[in-house]
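# Inside the fold
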Amino acid sequence: MKNVAVMGYGTVGSGVVEILLNNKEQIAKKNKEEIAVKYVLDLREFPDSPIADKVVHDFDTIVNDPEVDIVVETMGGTKPSYSFVKACLEAGKSVATSNKALVAAHGTELLQIAAEKKVNFLFEASVGGGIPIIRPLYQSLADEEIEEITGILNGTTNYILTKMSRDGESFEAALKEAQEKGYAERNPEADVEGYDTCRKIAILTAVATGKEVNYEDIYTEGITGITDVDFRYAKKMGTSVKLFGSSRIQDGKAFAWVAPVMISTEHPLYAVNDVYNGILVKGNNLGVSMFYGSGAGKLPTASAVVADIMDAAKNADRTVYEGWTAEKLELSSMKEAEHRYFVRIAGDKEHSFQMVKAVLGEVESIVLEGEKEYAVLSAKTKEGEWDQKKAELQEKGLQILQVIRAEI
């Protein structure tokens with residue numbers, strides 16, 4: 001029998017316990033031994049819960065118990081999760097976590113400790129919730145040279161953008177509805193400013209390249225500047241706007257960024273709506289593959305954690321995944337990345353379109369009836385060159401209302 005300790009009895013932690021109890025026989029059959037919950041670490045008491053007699057409040061109880069084989073970390077954040085997880089690994093206990101902040105900030109060190117101690121540090125649930133993506137990258141696609149990973153990695157922002165697209169709601173109204181339904185926190189900054197997506201694409205990039213990726217080096221732009229007017233243009237153009245986390249290897253250069261992107265109906269991620277996540281992976285031999293499913297939620301995320309528990313239990317005497325090295329992946333400047341640009345310009349098209357063409361060259365133009373503005377769609381341009389052209393437009397007295405990268 002393998003004993004598990006769960007640190008944090010919140011949404012995901014309680015889901016892990018629920019699956020381990022409800023699917024006890026199935027898990028034992030597949031792993032050829034029982035996996036039992038011995039402790040649940042939390043500051044609270046749960047007198048009416050099935051785990052009432054397993055609740056402990058002192059971390060030392062877990063780390064010092066030689067009968068605890070696997071520890072689950074679902075507390076979130078990096079304090080005290082980092083010190084707790086590190087201590088567990090050093091004590092020879094495998095760890096499964098859903099904590100993307102922990103993995104993004106300390107994954108390199110924790111993976112190294114796990115390898116040294118011949119235990120496992122597994123984090124399938126840290127990206128994409130219940131969508132299998134980490135394990136496929138280092139197992140199923142191990143022979144591939146990954147050229148691109150692009151994903152809708154945050155259900156909150158995807159829900160907000162879907163409401164704006166389908167119902168014509170403003171960002172503020174869509175955010176309020178997301179909060180009322182429990183999809184967004186009272187303080188939604190980590191989601192809407194793109195920080196959550198940033199950490200996830202950093203993890204995926206590290207897994208794909210085998211090198212450390214500092215999430216703080218990744219260009220990150222959220223969705224707070226996207227408006228209902230943008231979606232009116234998108235509807236007329238047959239496009240939509242999604243928040244992408246993207247990692248791409250192009251001509252030997254590595255790019256990683258987070259930003260809203262306007263995409264056409266032909267894009268594989270166009271149909272990923274509401275709170276769902278979708279991840280596109282492009283390999284040099286396989287081509288494009290897609291991973292789609294619930295990117296969050298109690299049981300989907302807990303299911304991924306339990307799969308890691310089972311993996312760790314099966315491989316009690318060896319490290320399944322040694323992870324990436326401490327060698328840092330050098331990311332190219334965002335100024336070198338190439339995109340088309342959707343640009344909204346104040347004023348009548350007749351008065352300024354020729355000036356726009358003089359700077360941007362031949363561009364497609366879009367006009368919304370009743371609006372004192374118009375939009376253009378530029379040719380593919382490097383970010384650095386676009387910054388110069390944008391400055392030129394402004395020097396000519398043009399007021400730029402919006403700029404969204406486009407993959408159309």
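The coordinates are above.
Quick caveat: nothing in here was measured; it's all calculated off a predicted structure.

On to empty space enclosed by the protein. This structure, assessed with the given rule, holds 2 cavities of 30 Å³ or more. Leu122, Phe123, Glu124, Ile134, Arg135, Tyr138, Asp308 and Tyr321 are the residues that line the largest cavity. The element best represented in the lining of the largest cavity is helix α6 (residues 134-140), accounting for 3 residues. Here the residues of the lining of the largest cavity sort into 5 nonpolar, no polar and 3 charged. Approximately 40 Å³ is the volume found for the second largest cavity. Breaking the lining of the second largest cavity down by element, the ones donating at least two residues are β7 (146-152), α10 (195-209) and β9 (239-250). When residues of the lining of the second largest cavity are assigned to their parent elements, the largest contribution, 4 residues, is made by β7. Looking at the lining of the second largest cavity residue by residue, the classes come out as 4 nonpolar, 3 polar and 3 charged.

Moving on, we come to helix α13 (residues 349-360). Every buried residue of α13 is listed here: Ser352, Phe353, Val356, Val359 and Leu360. The buried residues of α13 occupy one face: seen down the axis, they fall within an arc of 125°. Every exposed residue of α13 that faces more than 90 degrees away from the buried side is listed here: Glu350, Gln354 and Ala358. Along its buried surface, α13 packs onto β13 (338-346), β14 (364-366), β15 (373-377) and α14 (383-395).

Moving on, we come to the packing of aromatic side chains. Here the structure, examined in full by the defined rule, presents 11 aromatic pairs. Ring centres of Phe123 and Tyr321 lie 6.2 Å apart, and the angle between their planes is 55°; this geometry places the pair in the tilted category. Here Tyr321 lies in the loop between α12 (298-314) and β13 and Phe123 lies in the loop between β6 (121-122) and α6, a separation of 198 residues in the sequence. When its relative accessible area of 2% is taken as the criterion, Phe123 is described as buried. Judged by its relative accessible area of 9%, Tyr321 is buried. Pairing Tyr276 with Tyr292 gives two aromatic rings, centres 5.4 Å apart and planes at 20°, and the pair type is stacked. With Tyr276 in strand β11 (residues 276-283) and Tyr292 in strand β12 (residues 287-294), this residue pair connects regions lying 16 residues apart in the sequence. The exposure class assigned to Tyr276 is partly exposed, which follows from its relative accessible area of 33%.

Reading the values: rules and limits
- Residues numbered from 1 in each chain as written.
- Predicted model: local features only at pLDDT ≥ 70, side-chain atom pairs only at ≥ 80, totals over all residues.
- Heavy atoms only, no water.
- 1 Å grid on protein atoms, 1.4 Å probe; cavity = no way out; pocket = protein on both sides within 12 Å on 5 of 7 lines; lining within 4 Å.
- Points joined across faces, edges and corners; volume = space filled by probe spheres on them.
- Helix = DSSP H or I, 4+ residues; strand = E, 2+ residues; numbered from the N terminus.
- Nonpolar A, V, L, I, M, F, W, Y, C, P; charged D, E, K, R; others polar.
- Buried < 20%, exposed > 50% of the residue type's maximum accessible area, 1.4 Å probe, protein only.
- Arc of directions from axis to C-beta.
- Contact = heavy atoms within 4.5 Å.
- Phe/Tyr/Trp six-rings, centres within 6.5 Å; stacked < 30°, edge-to-face > 60°.

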